[in-house]
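Understanding the architecture of this molecule
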Amino acid sequence: MKILVVGGGGREHALVWKISQSPRVKEIFCAPGNGGITELATCIPIEPTGLQQLADFAEKEKVDLTVVGPELPLTLGIVDEFSRRELKVFGATRRAAEIEGSKVFAKEFMKKYSIPSSQFSVCTTAEEAFKLIKHRWFSYPVVFKADGLAAGKGSIIVNDEAQAHEVTRQIMVERRFGAAGDRMVVEEFLRGEEVSFKVITDGERVLPLAASQDHKAVYDDDKGPNTGGMGAFSPSPMVDKALHRQIMEEVIYPTVRGMVKEGREYRGVLYAGLMITDEGPKVLEFNARFGDPETQVVLPCMEGDLVPLLEAVAEGSLEGMEISWRDAVAICVVLASGGYPGSYEKGKVISGLWEASGLDDVLLFHAGTERQDARFLTAGGRVLGVTAVAPTFPEAIKQAYDACQMIGFQGMHYRRDIGRKALRWLEK
Ligand code: AMP
Ligand code: GLY
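Residues numbered from 1 in each chain as written. Chains lettered and ligands numbered in written order. Predicted model: local features only at pLDDT ≥ 70, side-chain atom pairs only at ≥ 80, totals over all residues. Heavy atoms only, no water.

Bringing the site of ligand 1 into the picture now. What surrounds ligand 1 is a group of 14 residues, the closest being S155, E187, L190, E194 and E285. Backbone polar atom of E188 to a nitrogen atom of ligand 1: 2.9 Å apart, as the coordinates give it. The contact in question runs from an oxygen atom of ligand 1 to an N or O atom on the side chain of K216, over 2.9 Å. Computed on the free molecule, ligand 1 has an accessible area of 480 Å², of which 92% lies beneath the protein chains in the complex. Of all elements in the fold, only β7 (142-146), β9 (184-188) and β17 (280-287) reach the threshold of two or more residues within the shell around ligand 1. Considering only residue class, the shell around ligand 1 consists of five nonpolar, two polar and seven charged. (Near = heavy atom within 4 Å. Polar contact = N/O pair within 3.5 Å; in protein donor to acceptor, adjacent residues only side chain to side chain. Areas by Shrake-Rupley, 256 points an atom, 1.4 Å probe, with all protein chains shown as cover. Helix = DSSP H or I, 4+ residues; strand = E, 2+ residues; numbered from the N terminus. Nonpolar A, V, L, I, M, F, W, Y, C, P; charged D, E, K, R; others polar.)

Spelled out as structure tokens, the structure:
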């Protein structure tokens, strides 16, 4: 088979790595890919938003299956375009991906189908938002969310009335997130611990992936601004059998069935970002794709071939399929550029990759790198994901951090506490 992976981050490196192990796969392309992916796939210079070019490429190269990584091409309708041309593709359609692309759609959908989530209001004008702030039903802190894709930065925790006015102005008047500021969701702030719960679904049948936990804040102990994710571990020890069942029954099945009722059958990966509160799991957000960096810990623990699963979904039926898991855990530590998640410089030489990749059970997933002859240079905010797979969390944590210490580039920073939450749960 020939496979095309769309995207160029750490998630796509992990997908390409897993796909490359399939005995059925002869050739892999990645658009646009990154420095590390060049070792496993032919990287082609087409951006993920170039839907027509991607479909032209898949037709010309007779690609058997295309796997879409990021949300933007999904919300733009890449799956609809490929399907129209009878090209096999794994991912959600444009209308199904709206569950990620529109916070308002997602919240109203959850309300309609009684899927546990936070209380909320929708504001369609700044005046409406100012009125809501004046006659508020909520107490502070509260969360304001721009209604569209905003590269993970569109959700802002608001602590008082002055900030509420300021954030409303930024989102709805100054349009800091562009058209995503046409509408704004104001929602109750939830307390608890976050879990990423993903399933692969054909619109009816559902295969859960191992639960994982991301670390969104830039600094240790969840301090500082949110990022795309500074590290992850899987499986999540918090998600025991009872909680797993509860999530499937209260969140996943009602969502998959509800999407069918809405005429938006959901095929692909459905990712529920959950807050595990004292009252049980509540949905913070849905994503229409694999998580990043969660994929870098979930796939290394998966046994067997991923490709037949992706192909089965693309063909419309997961019947008879199952997933088995290694008796192992994984953690991933993200090495980021100086300044990230704010502005940062690129083009720094990365040292120690060769040495670190020689460590047992360590996988280096490139997120933002560029290859220049025999060297790798930084080319993004999140540069590398250092994953270690081991029988236990203490071992995985030690291996990952040993590898991190071997790698260096100017300005590099990373969190030192990835996996500590897993240890805390295991001590309980
Ligand atoms: P979102 O933009 O909806 O993906 O949210 C990004 C992050 O903001 C989440 O992963 C949480 O850490 C935080 N967050 C979003 N909504 C809430 C909420 N209602 N209560 C507490 N934290 C939230
Ligand atoms: N790691 C969070 C996400 O993929 O959205």
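On we go.
With that settled, consider the site of ligand 2. Around ligand 2 sit D214, K216, G228, Y271, N287, R289, G291, D292, P293 and E294, and those are all the residues in its vicinity. R289 is positioned with one of its side-chain polar atoms (N or O) 2.8 Å from an oxygen atom of ligand 2. Summarising the interface, the protein chains cover 91% of the accessible area of ligand 2, which totals 200 Å² for the free molecule. Of the residues that constitute the shell around ligand 2, the class distribution is two nonpolar, three polar and five charged.

The next subject is empty space enclosed by the protein. Counted by the stated rule, this structure contains one cavity of 30 Å³ or more. In this structure, the largest cavity spans a volume of roughly 30 Å³. In this structure, the largest cavity is lined by D292, P293, Q296, C332, V334, A367, R382 and G385. Residue assignment for the lining of the largest cavity shows that the elements contributing at least two residues are β20 (329-336) and β24 (382-390). For the lining of the largest cavity, a count of residues per class yields four nonpolar, two polar and two charged. (1 Å grid on protein atoms, 1.4 Å probe; cavity = no way out; pocket = protein on both sides within 12 Å on 5 of 7 lines; lining within 4 Å. Points joined across faces, edges and corners; volume = space filled by probe spheres on them.)

Turning to the layout of surface pockets, a few remarks are in order. Rolled over the atoms, a probe with the dimensions of a water molecule shows which regions are left empty. Taken as a whole, the second largest pocket encloses approximately 450 Å³ of empty space. For the lining of the second largest pocket, the elements supplying multiple residues, two or more each, are α1 (10-20), α12 (353-357), β21 (362-366) and β23 (375-378). Broken down by class, the residue content of the lining of the second largest pocket amounts to eleven nonpolar, six polar and two charged.

Across the sheet, five strands lie side by side as β12-β15-β20-β24-β21; this open sheet has antiparallel pairing. Looking at strand neighbours, the two that pair on one side only are β12 (213-214) and β21, the edges of this open sheet. Note that β21 and β24 share five bridges and pair antiparallel. Each residue of the ladder has a partner; that of L364, found in β24, is V386. (Pairing = 2+ DSSP bridges.)

Further remarks concern the environment of E166. Within the secondary structure layout, E166 lies in helix α8 (residues 161-173). Spatially, the C-alpha atom of E166 lies 11 Å from that of F144, the residues being 22 residues apart in sequence.

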